[in-house]
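# Residue-level structural notes
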Amino acid sequence: QVQLVESGGGLVQPGGSLRLSCAASGSIFRVGTMTWYRHAPGKERELVASITGGGKIHYADSVKDRFTISRDNAKNTMWLQMDSLKPEDTAVYYCHANIAIDMWSSERYWGQGTQVTVSS
């Protein structure tokens, strides 16, 4: 059974930093594109950043130049380094990945979510 496990959320003051991690485990053939989403109360879910298996990266305009996404394919792990955090970054952050369990099929998986709160 495939799982995505996130860690690294918490409370931080404006201007501070946090580093989120997302590790995929289980019977995995290949992990494709990995993505961070966030969902704030009263707002729609937002794509924050994504990274393909080949390392192609996309950022939402709201986080460009402040957040850095990376991954280690050998460890099936992705990170999100968040710097210069703002109160509007407060949300539950979710990890998402397209994961193949064999060479013929893949499915979408979600992590459980981790709360990030930016407040003084």
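### A closer look at the pairing of strand β3 (residues 18–25)
As defined by bridge partners, strand β1 (residues 3–7) adjoins β3 across five bridges and the pair is classed as antiparallel. Residue L4 lies in a different strand from β3, and its bridge partner there is A24. The pairing of β3 with strand β8 (residues 77–82) spans six bridges and is classified as antiparallel. Looking at β8, one finds that R19 is bridged to Q81.

### Topic: the sheet that holds strand β7 (residues 67–72)
One open sheet accounts for four strands, arranged β1-β3-β8-β7; its pairing is antiparallel. The sheet is open, and its two borders are formed by β1 and β7, each paired with just one other strand. Across the sheet, the axes of successive neighbouring strands diverge by a mean angle of 15°, strand direction being ignored.

### Focus on the state of the cysteines
One pass over the structure, following the stated rule, counts one disulfide. A sulfur-sulfur separation of 1.8 Å characterises the disulfide bridge that pairs C22 with C95. Of note, the bridge from C22 to C95 carries an S-S torsion of about -60° and is left-handed in sense. One end of the pair, C22, is in strand β3; the other, C95, is in strand β9 (residues 91–102), and 73 residues separate them in sequence. With a relative accessible area of 0%, C22 lands in the buried category. Judged by its relative accessible area of 0%, C95 is buried.

### So, the side chain of T114
Turning to its location among the elements, T114 is positioned in strand β11 (residues 114–118). Aside from chain neighbours lying at most four places away, what touches T114 is E6, G8, G9, L20, A91, V92 and Y93.

Cut-offs and rules
Residues numbered from 1 in each chain as written. Predicted model: local features only at pLDDT ≥ 70, side-chain atom pairs only at ≥ 80, totals over all residues. Heavy atoms only, no water. Pairing = 2+ DSSP bridges. Helix = DSSP H or I, 4+ residues; strand = E, 2+ residues; numbered from the N terminus. Axes fitted to C-alpha atoms, helices over the stretch in contact; angles between N-to-C directions. Disulfide = S-S within 2.5 Å. Buried < 20%, exposed > 50% of the residue type's maximum accessible area, 1.4 Å probe, protein only. Contact = heavy atoms within 4.5 Å.

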